[in-house]
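Summary of structural features
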Amino acid sequence: MSERRTQMLEAAVRVIAQDGVRGLRVEKLAAEAGVSTALIYYHFKDRAGILRAALEHVNHRARLYTEPTAGDPRARLEQMLLGELQDLPQVRETSVAWGELRASAAFHEELRSPLREATEAWNSDVAALVREVDPALDADAVAERLTALVEGLSERWHSGSVSLERARELLAGAVRHLSCHGSA
């Protein structure tokens, strides 16, 4: 990806995280990125193209801080999921933008397919680790529950409904309770 395109996508994520998808204006995006609106349209064609590319970029950013690095399968699973709940500017921004893009899919049909694909890929990554934790579990169902829990806890944290510490505690508890006799 070109440096200029990355610069525009970083700006798109910032604008979406600050103003929401409804607040995303091409003129504001261009100003935030330090480029012309013509260059935005050249790279993304239209607003829908910006949203699709921003969703792709958000997923790429999240992978950078959620890739598990060490430990047994349960520790790697917990590390991957808790990576989404960190009080770091880029994590918060990425998480808020993801939540905005997910919520906007109810109104922007063009986001539904890429969002579904991104969710399925995330669920698949989590399910692979769940299988390592306990092959007797229905890994796909557990992964879906865990990723939904992460998203819900993230939304509650960002909206002030739950503290970050409590969100992390609840998520870590769900991972700890994985066993062949039950599921998260």
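Read on for an overview of the structure. (Residues numbered from 1 in each chain as written. Predicted model: local features only at pLDDT ≥ 70, side-chain atom pairs only at ≥ 80, totals over all residues. Heavy atoms only, no water.)

**Topic: the nonpolar core**
The cut-off we apply is this: Throughout, nonpolar core names a set of buried Ala, Val, Leu, Ile, Met, Phe, Trp, Tyr and Cys residues whose side chains join them through atoms within 4.5 Å. Each residue gets one of three labels from its accessible area relative to the maximum for its type: buried under 20%, exposed over 50%, partly exposed in between, using a 1.4 Å probe on protein chains only. Think of it this way: any DSSP run of H or I at least four residues long counts as a helix, any run of E at least two long counts as a strand, and we number them from the N terminus. Any two residues whose heavy atoms approach within 4.5 Å at even a single point are treated as in contact.
If you look at the biggest cluster of nonpolar residues, it comprises 29 residues, and the most contacted ones within it are Ile16, Ile40, Ile50 and Leu101. Those elements that provide at least two residues to this core are α1 (3-19), α2 (26-33), α3 (37-44), α4 (47-66), α6 (89-104) and α7 (109-133). With 7 residues, α1 is the single largest residue contributor to this core. Contact partners of Ile40, with chain neighbours within four places excluded, come to Met8, Val26, Leu29, Ala30, Val35, Lys45 and Ile50. Core analysis: the next-biggest nonpolar cluster, separate from the first, contains 27 residues, Leu85, Leu129, Val133 and Leu171 among them.

**Things to note about the pattern of salt bridges**
Short version of the rule: Take a side-chain nitrogen of Lys or Arg and a carboxyl oxygen of Asp or Glu: if they are within 4 Å of each other, that pair is a salt bridge.
Applying the stated criterion across every chain yields a total of 11 salt bridges. A salt bridge links Arg61 to Glu93; the shortest N-O distance between them is 2.8 Å. Of this pair, Arg61 sits in helix α4 while Glu93 sits in helix α6, placing them 32 residues apart in sequence. The burial state of Arg61 is the same as that of Glu93; both residues are buried.

**Description of the side chain of Thr147**
Note on placement: Thr147 falls in helix α8 (residues 139-159). Once you skip the residues sitting within four places of it in the chain, Thr147 turns out to touch Trp122, Asn123 and Val126.

**Let's talk about the packing of aromatic side chains**
Convention followed: Geometry of aromatic contacts follows a simple scheme: Phe, Tyr and Trp rings, the Trp one being its six-membered ring, pair when their centres are within 6.5 Å, and the pair is stacked under 30 degrees between planes, edge-to-face over 60, tilted otherwise. A ring is considered to have a charge above it if a Lys NZ or an Arg CZ atom is located within 6 Å of its centre and within 35 degrees of its normal.
Overall, the coordinates contain 0 aromatic pairs when judged by the stated rule. In this arrangement the basic side chain of Arg22 is found over the ring face of Phe107, its NZ or CZ atom lying 4.7 Å from the centre. When the ring centre of Tyr42 is taken as reference, the NZ or CZ atom of Lys45 above it lies at 5.9 Å.

**Regarding unusual backbone geometry**
Within the chain, Lys45 stands out as a residue other than glycine whose phi angle is a positive 70 degrees. For Lys45, the location among the structural elements is in the loop between α3 and α4.

**Considerations on the packing of α1 against α3**
The condition is simple: Every angle, taken between N-to-C directions, lies between 0 and 180 degrees, and every axis is a line fitted to C-alpha atoms, over only the stretch in contact when it is a helix. Angles below 35 degrees are treated as roughly parallel, those above 145 as roughly antiparallel, those between 65 and 115 as roughly perpendicular, and all remaining angles as oblique.
Their axes nearest at 11 Å, the elements α1 and α3 cross at an angle of 100 degrees. One finds that α1 runs roughly perpendicular with respect to α3. Where α1 abuts α3, its residues Arg4, Arg5, Met8 and Leu9 lie against Leu39, Ile40, His43 and Phe44.

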